Amino acid sequence: MRASHAAQCLAVLSVLAAATAFSPLSSVLLRAHRRPLAHTGIRSLRAQESPVGEGPSLAGAGVPAAAAKQGAVGAREVAPDILERMSMLAREPPAKDASLSFICPAVSEPVLGPEDTKKPLLVFLPGIDGVGTSAEAQWQELEKHFELRVLQISGEDRTGWEGLQGFVAGFVTDWVTRTSANRREIAKPVVMGESMGSVVALAMSLRADLKDKLGGVVLVNPATSVGDTNLPQIADLLVSIPNALPQGSSRIAGLLGSLPDPFGIQKSPLFASLSFPNRTVGELAYGVLGGGFIAATAMDLKQYQNMLGFLGTRAGDLAQAVSRGEGEKAVLDVARDSAFAMDFLLSIMPAAAIQHRVNEVLVPGAKDVNARLKDVTVPVLLICGQDDNMLPSKNEGTRLKAAIPSSSLVKVSNTGHAALDGRFNLTRAILRSKVVPPRPTPNYVADFVMPSDEAVEKAWKGTQGLRDIVSPVFYSVDPTTGRVISGLGGLPEQIPGKPILFVGNHQVLALETGLVVGTVFKEKGILMRGLGHPLLFSSEDFGGGEANGNIYQTFGAVPVSPRNTARLMQSGAAVLLYPGGIKETVPNRDKETLAWPEQSEFIRIAQRYNATIVPFGGIGAADLVRVLADEKELAELRKGPLGSVLGGLLDGFTPPVPEGTNMSQQFSGSLDPDRLKFEAPPLFAPQAPWDFSRFYFLFGKPIEAGEMDVTDPDTTAKEYARVRQEVEGNIAYLKRRRPTDPYGQILPRVAYERINQRQAPSFDP
């Protein structure tokens, strides 16, 4: 019998390990081992709020009465990592004192009630998990713009369809009432639902007592399509698993007790703190099969790849720990993580709860709202993963878009059912939609905040690969002697209130920009705020900004226009201007030839604000590519048999202006809109790697714009030509001196830098 128990126990441990891999908490576990989640602490995280009363109630949610009395705004606690949070919630599930409650995630912003906040309420209604685990990556950004509240549904809750929507409606109505009582002019609340929560959110927009109080509704992979799936049958099957297994009611602790315990796990404080040993074999089997089903249907390809990478890393760490004689601790760590994941899963989604949520909430709810879609009057934002394997979200988004009068659809490519794992910028999608009032045109100059040390370091590391290849060298002109010197010692110091205008040539594909801005900032502490094409500000993800915002805005760039140039000058900023614009970034056979306009307003603006102009030139990027056919040669091709194929692809385009952009503000003054047009590109290819050129930059002698003569167009044109000639002179100097660089070729340069672990020297100025 003991052998039989041992075999059973081994089977249990095997499926437990599998549960870690295939639980619906995969994205959470991955984040847990990348960084701690910046929550305020488990007590603030679980601060419950009643739908009625005088304010947010922290009492009864693990917060001492004295602390609750102080209100929702207070000191923050050290955040537990996500695994600790999972273990806490496993032992003390959400809504301990009530089956339904609202919490404020409180990632980084103060927790304010309707009487105090200036931000609109955003209510998040979770999917079938009941707690919103898969959307946690979105909380920190969302709470910057909204007073965020997340519905928590206890694993023991059995509230039906009518009761659930009544609870949510009561909370929103009470919030609006308390806001109105204080005469606060705040945008209307937004209700957002994911999967099952989308059905409830849609019902809120149809309630006579609520629809006029809402700003809009956001539906993420809405489960209104549940009727087209087998989810009800699958839920019934899952709930039958515990009773279908032999010895399904046997406790895990009883089976483990009959086995040897070489690592002392069963006697450890960890083992004693877990509820897992008190689970039954049937519950564990349900957890593995249920978690496996969710993983198989909710995760997309990228999430699978991340999970496999995570498991490979854990396996490698375990093997290394064993080789170092630290196997006991490593095994305990694996056991802890696995047990926490299983405890969490079984606490928030027991089999009976899943069956109830599908059959008593989802199915009747979808039937209810689907019959009244044409009656929805508030703006609706649909967000649908195009690779959702749990629900037919791709088709459902299209159906709802056609059926709901005031709706818009965002299709998220290469994303499955768990669409809110951090790759998609949910906040940006909401702010650009009609569910919130339109934002005023941003003031890129006045609203700028210096980038954090972390952002600077991240951006610098982002240029490391290019720096390794092109090994950029910087020279400047000593303002006293007029001689070229190595380094940036000739640059002027930035004096508060006195602007600096860096004027130079753009290079092919704009490869030099990050190198120039980064090096000047690192070595001189001067942040060159670029004047960029409006396209660069059309997306927060432009330039590799990920979910953290637009990298160009982060480092102070503004859309190019005379007005923005003047604003920067007036603020005393250091400004980076490429008069040739995007035309100079297009590969061509006339390398490093300036494409400046015949006249430019920057001379007058610089003179008006007494700026110091620093002309600079750079070379190298043009030698990374080879033009195979220029514009004229391609034009001839378009006349031939391939014209019908190539014509539309090679006509150039004018990029779309971001929604909400004030054209009169962005393009006021003498800026020629034609200069924003992308020209027809040539046909080009990369040079052979061994022919890659080094990058060289020369910052010329500063020119005091306050001393320039701009009394009439002719004198202004002469000053403009003077600056242009300085830039062309810098380029010519670098081209003339480049052949004397002993490490100008990439192969000897890379060899030198790898051996000596420092940058290879260049030519003496």
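Just above, that's the structure.
Note that the coordinates shown come from a computational prediction; the quantities given were computed from them, not determined experimentally. (Residues numbered from 1 in each chain as written. Predicted model: local features only at pLDDT ≥ 70, side-chain atom pairs only at ≥ 80, totals over all residues. Heavy atoms only, no water.)

## Some remarks on the overall build of the protein chain
Argument step 1. Across its full length, the protein chain holds 29 helices and 19 strands.
Argument step 2. By the burial criterion, 52% of the 765 residues in the protein chain qualify as buried.
Argument step 3. Counting only contacts in the protein chain whose residues sit at least 6 apart along the sequence, the fraction spanning at least 24 positions is 83%.
Argument step 4. Accessible surface, the protein chain: about 34,200 Å² in total, of which carbon and sulfur atoms supply 55%. (Helix = DSSP H or I, 4+ residues; strand = E, 2+ residues; numbered from the N terminus. Buried < 20%, exposed > 50% of the residue type's maximum accessible area, 1.4 Å probe, protein only. Contact = heavy atoms within 4.5 Å. Areas by Shrake-Rupley, 256 points an atom, 1.4 Å probe, with all protein chains shown as cover.)

## Some details on the packing of helix α9 (residues 231-239) against helix α13 (residues 281-298)
Argument step 1. The contact between α9 and α13 brings their axes to 11 Å, and the two run at 160 degrees. Taken together, the axes of α9 and α13 are roughly antiparallel relative to one another. The two elements α9 and α13 meet at a crossing, and its hand is right-handed. Between α9, through L231, I234 and L238, and α13, the contact on the second element is made entirely by Y286, L289, G290 and F293. (Axes fitted to C-alpha atoms, helices over the stretch in contact; angles between N-to-C directions. Parallel < 35°, antiparallel > 145°, perpendicular 65-115°, else oblique. Left-handed = near helix turned anticlockwise from the far one by under 90°.)

## Side note on the pairing of strand β9 (residues 473-477)
Residues in a regular strand point their side chains to alternate faces of the sheet.
Argument step 1. Within β9, five of the five residues are buried, leaving the element largely enclosed by the surrounding structure.
Argument step 2. Neither face of β9 is exposed, since V473, Y475 and V477 on one face and F474 and S476 on the opposite face are all buried.
Argument step 3. Of the strand pairs in this sheet, β9 and strand β18 (residues 696-699) are connected by four bridges, and their pairing is parallel. Bridge pairing in β18 places V473 opposite Y696.
Argument step 4. Bridging between β9 and strand β10 (residues 484-486) involves three bridges; their strand directions are antiparallel. By the bridge assignment for β10, V477 is matched with V484.
Argument step 5. What sits between the antiparallel neighbours β9 and β10 is a turn of six residues, in which G482 has the positive phi angle 75 degrees. (Pairing = 2+ DSSP bridges.)

## Topic: the environment of K213
Argument step 1. As for its position among the elements, K213 is in the loop between α8 (196-204) and β6 (216-220).
Argument step 2. For K213, a relative accessible area of 29% corresponds to the partly exposed category.
Argument step 3. Each C-alpha atom of the pair K213 and V176 lies 7.5 Å from the other, and the pair is 37 residues apart in sequence.
Argument step 4. The contact partners of K213, leaving out residues within four places of it in the chain, are T173, V176, K188 and P189.

## Examining empty space enclosed by the protein
Argument step 1. This model, assessed by the stated rule, comprises six cavities of 30 Å³ or more.
Argument step 2. Counted as a void, the second largest cavity has a volume near 100 Å³.
Argument step 3. Around the second largest cavity, the lining residues are H506, Q507, V508, E584, N588, D590, K591, E592, T593 and A622.
Argument step 4. Its residues assigned to classes, the lining of the second largest cavity comprises two nonpolar, four polar and four charged. (1 Å grid on protein atoms, 1.4 Å probe; cavity = no way out; pocket = protein on both sides within 12 Å on 5 of 7 lines; lining within 4 Å. Points joined across faces, edges and corners; volume = space filled by probe spheres on them. Nonpolar A, V, L, I, M, F, W, Y, C, P; charged D, E, K, R; others polar.)

## Some remarks on unusual backbone geometry
Negative phi values dominate among residues other than glycine, just as trans dominates among peptide bonds.
Argument step 1. Positive phi is not limited to glycine here, since S195 has a value of about 55 degrees.
Argument step 2. Within the element layout of this structure, S195 appears in the loop between β5 (190-194) and α8.
Argument step 3. Since its relative accessible area comes to 9%, S195 is described here as buried.
Argument step 4. Despite not being glycine, L509 shows a phi value in the positive range, around 60 degrees.
Argument step 5. With respect to the helices, strands and loops of the structure, L509 is situated in the loop between β11 (500-504) and α21 (513-524).

## A word on the side chain of T463
Argument step 1. Relative to the assigned elements, T463 resides in the loop between α19 (453-462) and α20 (464-470).
Argument step 2. Looking at T463, the relative accessible area reads 15%, which means it is buried.
Argument step 3. Within polar-contact distance, the side chain of T463 engages the backbone oxygen of W460 at 2.8 Å.
Argument step 4. With residues near it in sequence (within four places) discarded, T463 still touches G514 and L515. (Polar contact = N/O pair within 3.5 Å; in protein donor to acceptor, adjacent residues only side chain to side chain.)

## Details of the nonpolar core
Argument step 1. Among the nonpolar cores identified, the biggest contains 66 residues, and L125 and M204 are the most heavily contacted of them.
Argument step 2. With nine residues, helix α7 (residues 161-181) is the single largest residue contributor to this core.
Argument step 3. With residues up to four places along the chain from it excluded, the contact list for L125 reads F102, L151, V168, V191, M192, G193, E194, G197, V200 and A201.
Argument step 4. Judged by nonpolar contacts, the second largest core, of 43 residues, contains Y475, L568, L577 and A611. (Core = buried A, V, L, I, M, F, W, Y, C linked by side-chain atoms within 4.5 Å.)

## Overview of the packing of aromatic side chains
Argument step 1. In total, this model carries 15 aromatic pairs according to the counting rule given.
Argument step 2. Relative to Y720, the ring of F602 lies with its centre 5.7 Å away and its plane at 70 degrees, an arrangement referred to as edge-to-face. Of this pair, F602 sits in helix α24 (residues 602-608) while Y720 sits in helix α28 (residues 713-737), placing them 118 residues apart in sequence.
Argument step 3. Given the relative accessible area of 5%, Y720 is considered buried.
Argument step 4. Pairing F616 with F699 gives two aromatic rings, centres 5.0 Å apart and planes at 25 degrees, and the pair type is stacked. With F616 in strand β15 (residues 612-619) and F699 in strand β18, the pair connects residues that are 83 residues apart, well separated along the chain.
Argument step 5. Members of the aromatic cluster, joined through ring pairs, are F102, F167, F171 and W175.
Argument step 6. Above the plane of the ring of W460 lies R467, whose end atom (NZ or CZ) is 3.8 Å from the centre.
Argument step 7. Across the ring face of F448, the terminal group of R529 is positioned such that the distance to the ring centre comes to 4.1 Å. (Phe/Tyr/Trp six-rings, centres within 6.5 Å; stacked < 30°, edge-to-face > 60°. Lys NZ or Arg CZ within 6 Å of the ring centre and 35° of its normal.)

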